[in-house]
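Given next are the chains, with one letter for each unit.
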There are 2 protein chains.
Amino acid sequence: MKRVYNFSAGPSMLPEEVLRKAADEILDYKGCGQSVMEMSHRSSVFQGIIDRAESLLREVMGIPDNYKVLFLQGGASSQFAMIPLNLMVNSHKADYVLTGQWATKSWKEASRYGETRVIASSKDKTFTYIPKLDPKTFTPDADYFYICMNNTIYGTLYHTLPETGKVPLVADISSCICSEPLDVSKFGLLFAGAQKNLAPAGLTIVIVREDLVGHAQEITPTMFNYKTHVDGGSMFNTPPCWTIYICMMVLDWIQNTVGGLGEMQKRNQKKAKLLYDYLDNSKLFRGTVVPEDRSLMNVPFVTDSDELNAKFVKESTEAGFVNLKGHRTVGGMRASIYNAMPYEGVEKLVDFMDKFEKANG
Amino acid sequence: MKRVYNFSAGPSMLPEEVLRKAADEILDYKGCGQSVMEMSHRSSVFQGIIDRAESLLREVMGIPDNYKVLFLQGGASSQFAMIPLNLMVNSHKADYVLTGQWATKSWKEASRYGETRVIASSKDKTFTYIPKLDPKTFTPDADYFYICMNNTIYGTLYHTLPETGKVPLVADISSCICSEPLDVSKFGLLFAGAQKNLAPAGLTIVIVREDLVGHAQEITPTMFNYKTHVDGGSMFNTPPCWTIYICMMVLDWIQNTVGGLGEMQKRNQKKAKLLYDYLDNSKLFRGTVVPEDRSLMNVPFVTDSDELNAKFVKESTEAGFVNLKGHRTVGGMRASIYNAMPYEGVEKLVDFMDKFEKANG
Ligand SMILES: Cc1ncc(COP(=O)(O)O)c(C=O)c1O
Ligand SMILES: Cc1ncc(COP(=O)(O)O)c(C=O)c1O
Ligand SMILES: [Mg+2]
Ligand SMILES: [Mg+2]
Ligand SMILES: [Mg+2]
Ligand SMILES: [Mg+2]
């Protein structure tokens, strides 16, 4: 058995101990004689799993009681429509900040269901920064204000949140969920495709303030109505049981092995600092993002030569550092160093980069 | 390690050899150093998995080239909206036959997006039969004609298909996909939640004639538009990779271990006959469905006493036959004997029923 360091932007590495536990239990989950892949979602055993996943997420993230937690299918991309369909129901207006491809896709989809306004964009500089926001420019009666908190492709993160007053703040936290503490009470709705920090692909987590549920637009498909899933306890229909089970184990790892989000943050800061410090000192490589908006999770970097970039991707892959090729819209390289990436993986990567620099600098 | 006989209506038993293979490969898929739960969906390794899953499904089901195969999220329930949103686009009319809860839910959802007509219903007798259909009563210019081919809750199956002429026939085959050969060319669209015969929960398979794609209603969310997923090769966004991987292995088992759908059908007929013959001869138990419409997959049965039903469920569970409790709308018992249920499981169940009958008859 061989294991590589997987720097994929998503789906991504999972804690090895979670994978080992899943393998151990795959034919017989805790003596029930069935795999979690086989059991009825209406069984008390599975109810125990989904309840534990929810209570762990509430504990890990400190989710207030007036927020509902939903375990859905459809990917983060489905939220791009579900959010306007469920929330754009009073003024039918919403504000968007465009900080990358995902925010832009979400804005385009919302524009089909109401009146959207782009408050700011960092497209002018290939999304390498988070725009400074002035609350005076926000739409006062907007149904919500939308941000993509961590921009997976471009490697930026909102280190401070926009002050939206009474307007509910909605955030895509797909690539930063559970990477550090977050004050959930500042948001109307949070959502994340779980395939980066929490689970395999096939699960979307939605955390929504309960007063925002139940007012969906008339045209909303039943399965796209948050109320359907709130009322059904995320089991209106068959949920992605296995993915929820892995998510439960990853949350347990965060809470009980790592020690909670405070400790998770320290680990992530230490990993990110190692890589950013190297990049800042390197004469061959440089990060593409302005220092004050850098992501803890996704670190894009380049050399000044397309040939060297390609050579680096090739050689690093051969050395067991996989998925370092940058997104085609940015080029160069990107190291996604999510929760499950050990410090040692970043350390070895930096060593490898250093050797590469000496050989090619 | 203990294994039970799991008669769940879905999620359901998977072939044990598939689970064992999944456990073996869980940390390192074929030497790539990653779990299928961790790998980028844009990697060539995963592209190989989804391509193989599709080609196996095409081979197993004999899917003609002018049909697209989609691997989606959202469950069969999402199709209840996707079908009208994508297909009710010319006359805005569709015909439905109500043979149970799933057909009824689907019809209600479609009625929100166009003009539906109920051509027939078997509600008068708790859905214990498939209504005889007269093509002269069908809407000649309907955009489609909808049936639920196998009714999971009530245990009925269409043994002959309605003659819909030029009107595309749409069928929910969630609980009978790959249980026996099916002439795909007779349908405009087929769909199935994969969690009964093919995979864990979290994957929906859609097989759609290509001329029906690309005409969705204006209000259709991007993720609910078949064209999105046809154009993206089921990877417009992150697909449920692990579930597709298990599906690939189950299809390989059907094709190469069982020997294809002809052999699968023989196995399923043999299992069902054993149970139905027993029920027909039993003085305590009886099947609830008229013989000519019986399902090969779901076998509801009752005694005439609620107490005995409850006693049977309790004692059978203790003996390692789990999930035999009938759906609350039918009561009694239901044995779902999907592809992965071995003959031996049904044999042992019938033995157990026989002993129970002797002790309680
Ligand atoms: C920030 C962000 N939002 C949304 C998505 C889309 O997620 P999904 O593929 O689950 O639809 C991604 C995927 O990488 C992402 O990084
Ligand atoms: C025939 C049929 N259709 C649809 C469904 C709903 O499937 P899902 O839970 O994937 O939405 C089921 C679930 O049991 C079913 O049996
Ligand atoms: Mg981005
Ligand atoms: Mg530098
Ligand atoms: Mg039914
Ligand atoms: Mg009888």
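Along every chain, residues carry numbers that run from 1 in the direction the sequence is written. Here the convention is simple: chains get letters from A, ligands get numbers from 1, in the order in which they are written. In view of the model being predicted, local features appear only for residues whose pLDDT reaches at least 70, and side-chain atom pairs are presented and counted only at 80 or more, with totals across whole chains, interfaces and linings using the full set of residues. Think of the side-chain values as coming from all heavy atoms in the structure, minus any hydrogens and water.

### A word on the site of ligand 1
In the neighbourhood of ligand 1, 14 residues make up the surrounding shell, with S77, T152, D172 and K196 of chain A together with T238 of chain B lying closest. Note on definitions. A residue lies near a molecule or strand when any single heavy atom of the residue is within 4 Å of it. The environment around ligand 1 is built from residues contributed by chains A and B. Residues adjacent in sequence count toward polar contacts only when both atoms are side-chain atoms; beyond that, a polar contact is any pair of N or O atoms within 3.5 Å, and within protein one must be able to donate a hydrogen and the other to accept it. A76 of chain A is positioned with one of its backbone polar atoms (N or O) 3.0 Å from an oxygen atom of ligand 1. Between ligand 1 and T152 of chain A, the relevant distance is 2.4 Å, taken from an oxygen atom to a side-chain nitrogen or oxygen of the residue. Methods summary: accessible areas were calculated by the Shrake-Rupley approach with a probe of 1.4 Å, and residue burial reflects only the protein chains presented. Taken by itself ligand 1 offers 390 Å² of open surface, and the protein chains cover 95% of this. Of the residues in the shell around ligand 1, the class split is four nonpolar, eight polar and two charged. Residues are sorted three ways: Asp, Glu, Lys and Arg are charged, Ala, Val, Leu, Ile, Met, Phe, Trp, Tyr, Cys and Pro are nonpolar, and all the rest, Gly among them, are polar.

### Concerning the packing of helix α8 (residues 306-318) of chain A against helix α9 (residues 343-360) of chain A
Residue and element names in this part refer to chain A. The contact between α8 and α9 brings their axes to 11 Å, and the two run at 135 degrees. In terms of their interaxial angle, α8 and α9 are classed as oblique. At the point where α8 passes α9, the crossing takes the right-handed sense. Contact residues: L308, K311, F312, E315 and S316 in α8; L349, F352, M353, F356 and N360 in α9. Every axis corresponds to a line fitted to the C-alpha atoms, with the helix fit spanning only the stretch in contact, and the corresponding angles, defined between N-to-C directions, vary from 0 to 180 degrees. Only runs of H or I of at least four residues qualify as helices and only runs of E of at least two qualify as strands under DSSP, and these elements are numbered from the N terminus. Convention used here: angles under 35 degrees read as roughly parallel, angles over 145 as roughly antiparallel, angles from 65 to 115 as roughly perpendicular, and any remaining angle as oblique. Left-handed describes a crossing whose near helix is turned anticlockwise from the far helix by less than a right angle; the clockwise case is right-handed. Should any heavy atoms of two residues lie within 4.5 Å, those residues are counted as being in contact.

### Describing the domain arrangement of chain A
Residue and element names in this part refer to chain A. As assigned here, chain A comprises domain 1 (16-258) and domain 2 (260-360). Boundaries of every domain are those given by an automatic assignment or by a domain database. Of note, the centres of domain 1 and domain 2, computed from C-alpha atoms alone, are 27 Å apart. Contact with domain 1, which involves 30 residues of that partner, is made by 27 residues of domain 2. Here's the idea: put two parts together, see how much 1.4 Å probe accessible area each one loses, and the total over both is what we call buried area. Interface area for domain 1 against domain 2, summed over the two sides, is near 2,300 Å², with a carbon-plus-sulfur share of 54%.

### Focus: helix α7 (residues 261-281) of chain B
Residue and element names in this part refer to chain B. In this model α7 runs 30 Å from its N-terminal to its C-terminal C-alpha over 21 residues, within 8% of the 30 Å that 1.5 Å per residue would give. Only protein chains enter the accessibility calculation, which uses a 1.4 Å probe; a residue is then buried when its area is under 20% of its type maximum, exposed when over 50%, and partly exposed in between. Buried residues of α7: L261, M264, N268, K271, A272, L275, Y276, Y278 and L279, and no others. One side of α7 carries all its buried residues, which in axial view fall inside an arc of 160 degrees. More than 90 degrees from the buried face of α7, the exposed residues found are K266, K270, K273 and N281. The inward-facing, buried residues of α7 contact α2 (44-61), α6 (241-258), β11 (286-287), β12 (298-302), β14 (333-336) and α9 (343-360). Expected helix span is given by 1.5 Å per residue-to-residue step, counting one fewer step than there are residues. Note that the arc is defined by the directions from the helix axis to the C-beta atoms.

### Thoughts on unusual backbone geometry
Phi is mostly negative for residues that are not glycine, and the peptide bonds are mostly trans. Following G10 of chain A, the chain continues to P11 of chain A via a peptide bond in cis, the omega torsion being -10 degrees. For P11 of chain A, the position within the fold is in the loop between β1 (5-6) and α1 (16-24). Phi is positive for N323 of chain B, close to 65 degrees, though the residue is something other than glycine. Position of N323 of chain B among the secondary structure elements: in the loop between β13 (321-322) and β14.

### Digging into the relation of the copies chain B and chain A
Once turned by 180 degrees and shifted 0.0 Å along the axis, chain B lies on chain A with an RMSD of 0.0 Å. Here the symmetry operator amounts to a two-fold rotation axis. Interface overlap between copies: 100% of the residues of chain B at the interface are likewise at the interface in chain A, consistent with a symmetric, same-surface contact. A least-squares fit on C-alpha atoms brings the copies together, and the residues used are those whose pLDDT is at least 70 in both copies.

### A look at the packing of α6 of chain B against α7 of chain B
Residue and element names in this part refer to chain B. Between α6 and α7, the shortest axis-to-axis distance is 8 Å and the interhelical angle comes to 90 degrees. Relative to α7, the element α6 lies roughly perpendicular. Across the interface between the two elements, W253, I254, T257 and V258 of α6 pack against L261, E263, M264 and R267 of α7. Taken together, the residues that form the contact of α6 with α7 break down as five nonpolar, one polar and two charged.

### As for the UniProt feature "modified residue: N6-(pyridoxal phosphate)lysine" (unreviewed entry) in chain A
Residues and elements named next belong to chain A. Residues annotated by UniProt as "modified residue: N6-(pyridoxal phosphate)lysine" (unreviewed entry) correspond here to K196. Relative to the assigned elements, K196 resides in the loop between β9 (189-193) and β10 (204-209). Residue K196 is classed as buried on the basis of its relative accessible area, which comes to 12%. Setting aside residues up to four positions removed in sequence, K196 forms contacts with A9, G10, S12, M13, T152, S174, S175 and Y338. A polar atom in the side chain of K196 sits 3.0 Å from the backbone oxygen of A9. UniProt positions are given in the numbering used here, feature names are shortened, and annotations may be inferred rather than shown by experiment.

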